[in-house]
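Below are the chains, spelled out letter by letter.
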Amino acid sequence: MTTRARANRDESWILFLSHRSGNNLLYRMRPDGSELTPIFGGELKDVPGMEAGRTLYRQPHWSRQSPDRAYFLSWATDTNVESGQMSGPIGYVIHLGRTDGGATRIMTNRAGEVFTWARSSEAFAYSRFAGRNPRRDGGQEPALPSTQIVIAQIDGSGEATVLEKPGYWTACDWSPDGNKLLLLYWGMQSMRYGRTDLIELDLARAEQARIKTMELRPGMDFPSSSDVEYCLNSLTDGLPIAWFADGRYSPDGTRIATTVRRRARLDDPGFHELALFDLASETLSVIADYPHPSRIHGPLSWSPDGEEILFSRPLEPDDRRENLPADVTGLGIWAIKSDGSSARFLTTGWAPDWQ
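Residues numbered from 1 in each chain as written. Predicted model: local features only at pLDDT ≥ 70, side-chain atom pairs only at ≥ 80, totals over all residues. Heavy atoms only, no water.

Asker: Just give me the short version of the overall build of the protein chain, but keep the residues and values in it.
Answerer: The number of helices and strands found in the protein chain is 3 helices and 26 strands. When the 355 residues of the protein chain are sorted by exposure, 53% land in the buried category. In the protein chain, once contacts between residues fewer than 6 apart in sequence are set aside, the share between residues at least 24 apart is 50%. (Helix = DSSP H or I, 4+ residues; strand = E, 2+ residues; numbered from the N terminus. Buried < 20%, exposed > 50% of the residue type's maximum accessible area, 1.4 Å probe, protein only. Contact = heavy atoms within 4.5 Å.)

Now the structure itself:
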């Protein structure tokens, strides 16, 4: 077991985002920090339709590599370098690329920030919103959206809607056995109020519900809300927790790592506890708690051997290794044992994904 765990680490890669060059780029490196290479993002020169000399900048955000480490998906936008504004009405789109570099292609321009790979590395699940997206609404009170959870094949051969329900749903992770999607759900009018829950979607049952709906309503390619209810299993509805921010299954599928805020005050500054949810005992245990402003940031990632969890938190104010404006504090990536011990610094940046 020890030999296999060591081999998993030696053969693995960590993807992460960093502003160290002055621009936000997606990097790939070995767990020991070697072979560090930027693989996505940066300047776009001589863009068709732009005046001569104008440069755009492709800025990646939430990004994940496929389980086989061959590809990555990145939720990214093209910005005007001079003004820092988006260059057009499309905004953020999901790009598919190879982790060893090269050309990318757009998979969808209707997706939310959070998505997850299938264990086969041949498909991914993402959220598609009807109506305004609460994350992109400038702090106003948006209408309650309806969300579709969509599974798309990366070869372009098709996609299927496995869930459509009111509220805001995101696909955080795909279970190691490939049978379930871990969803984050909230159904309030605004992100600033209410609670969130982690919910599992049984994919086999959802497909049965979709087929049933298609038989009863030809042309409707997603399950009705009433038929899909029995496919959903809330993991955290009974817990006295205000906010879960994300969730990732452990490699053996027995636990879920999540960031959580357990304070009820509306002026609480953010998520800053790292917790594990045990699926067998249905219990939640906090393993790390950094007070504001050094609170924990997601998204999270497990090491391939399940021994450690990667997360982000702010660097010291005088640490300028992330090349950001003077009034902005950069982020660093830490790894911590799953029992909460032996936290160690890896590199500057955020959004680590270890496969």
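Asker: Account for the pattern of salt bridges, naming residues and giving values.
Answerer: Considering all chains together, one arrives at 11 salt bridges under this definition. Here arginine 248 and aspartate 353 are joined by a salt bridge, their closest N and O atoms 3.2 Å apart. Taken together, the residues span a long stretch of sequence, with arginine 248 in strand S18 (residues 248-249) and aspartate 353 in strand S26 (residues 350-354) at a distance of 105 residues. (Salt bridge = Lys/Arg side-chain N within 4 Å of Asp/Glu carboxyl O.)

Asker: Before we move on, can you summarise the pairing of strand S11 (residues 146-153) with the specific residues and values?
Answerer: Burial of S11 is extensive: 6 of the 8 residues sit out of reach of the surface. Across 8 bridges, the pairing between strand S10 (residues 123-130) and S11 is antiparallel. Pairing of phenylalanine 129 across the sheet is with threonine 147, part of S11. Looking at chain direction, S11 and strand S12 (residues 159-166) are connected through 7 bridges and run antiparallel. What sits directly across from serine 146, in S12, is proline 166. Counted along the chain from S11 to the antiparallel partner S12, the turn is 5 residues long, and its residue glycine 156 has a positive phi close to 80 degrees. (Pairing = 2+ DSSP bridges.)

Asker: Can you lay out the pairing of strand S9 (residues 111-117) for me, pointing to particular residues and giving the numbers?
Answerer: With 7 of 7 residues buried, S9 is to be regarded as a mostly interior element. Here S9 runs beside S10; their pairing, made up of 4 bridges, is antiparallel. In the sheet register, alanine 111 faces S10, and the bridge partner there is arginine 128. Connecting the antiparallel pair S9 and S10 is a turn made up of 5 residues, with serine 121 showing a positive phi of about 65 degrees.

Asker: Let's hear about the sheet that holds strand S5 (residues 55-65): which residues, and what values?
Answerer: With antiparallel pairing, the 5 strands of this open sheet are ordered in space as S4-S5-S6-S7-S8. The sheet is open, and its two edges are formed by strand S4 (42-45) and strand S8 (104-108), each paired on a single side. Across the sheet, the mean angle separating the axes of adjacent strands is 40 degrees when strand polarity is ignored. The pairing of S5 with strand S6 (residues 71-80) spans 8 bridges and is classified as antiparallel. Looking at S6, one finds that glutamine 65 is bridged to phenylalanine 72. (Axes fitted to C-alpha atoms, helices over the stretch in contact; angles between N-to-C directions.)

Asker: Could you give an account of the packing of aromatic side chains, with specific residues and numbers?
Answerer: With the rule as written, the count across this model stands at 10 aromatic pairs. When the ring of tyrosine 290 is compared with that of phenylalanine 311, the centres are 5.9 Å apart and the planes differ by 35 degrees; the resulting orientation is tilted. On the criterion of sequence distance, the pair formed by tyrosine 290 in the loop between strand S21 (283-289) and strand S22 (297-302) and phenylalanine 311 in strand S23 (residues 308-314) is long-range, its members being 21 residues apart. Grouping residues by exposure puts tyrosine 290 and phenylalanine 311 together as buried. Each member of the aromatic cluster is reached from another via a ring pair, and the members are Phe129, Tyr168, Trp186 and Trp243. The ring of tryptophan 13 is capped by arginine 28, whose NZ or CZ atom sits 3.7 Å from the centre of that ring. (Phe/Tyr/Trp six-rings, centres within 6.5 Å; stacked < 30°, edge-to-face > 60°. Lys NZ or Arg CZ within 6 Å of the ring centre and 35° of its normal.)

Asker: Explain the environment of phenylalanine 345 residue by residue, including any values.
Answerer: The topology assignment puts phenylalanine 345 in strand S25 (residues 344-348). Measuring from C-alpha to C-alpha, the distance between phenylalanine 345 and leucine 310 comes to 9.7 Å, with 35 residues separating the pair along the chain. Setting aside residues up to four positions removed in sequence, phenylalanine 345 forms contacts with Leu315, Arg321, Gly332, Ile333 and Trp334.

Asker: Residues and numbers for the layout of surface pockets, please.
Answerer: Roughly 360 Å³ of volume is contained in the second largest pocket. Along its surface, the second largest pocket is lined by 19 residues, and Pro67, Arg119, Arg248, Pro251 and Gln355 are the ones closest to its centre. Those elements giving two or more residues to the lining of the second largest pocket turn out to be S5, S9, S18 and S22. Broken down by class, the residue content of the lining of the second largest pocket amounts to 8 nonpolar, 6 polar and 5 charged. (1 Å grid on protein atoms, 1.4 Å probe; cavity = no way out; pocket = protein on both sides within 12 Å on 5 of 7 lines; lining within 4 Å. Points joined across faces, edges and corners; volume = space filled by probe spheres on them. Nonpolar A, V, L, I, M, F, W, Y, C, P; charged D, E, K, R; others polar.)

Asker: Explain the nonpolar core to me, and be specific about the residues and the numbers.
Answerer: Counting residues in hydrophobic clusters, the biggest one holds 20 residues, and the most contacted among them are Leu163, Leu181, Leu183 and Leu201. Within the residue set of this core, elements represented by two or more residues are S10, S11, S12, strand S13 (168-174), strand S14 (180-186), strand S15 (197-202) and helix H2 (203-216). (Core = buried A, V, L, I, M, F, W, Y, C linked by side-chain atoms within 4.5 Å.)

Asker: Mind laying out the environment of alanine 335, listing which residues take part and the relevant values?
Answerer: For alanine 335, the location among the structural elements is in strand S24 (residues 331-337). Along the sequence, alanine 335 and phenylalanine 311 sit 24 residues apart, while their C-alpha atoms lie 6.6 Å from each other.

Asker: Describe the sheet that holds S10, with residues and values.
Answerer: The strand order S9-S10-S11-S12 describes an open sheet built from 4 strands, whose pairing is antiparallel. In this open sheet, the two strands that pair with only one neighbour each are S9 and S12. Recorded for the sheet is a direction-independent mean angle of 20 degrees between the axes of neighbouring strands.

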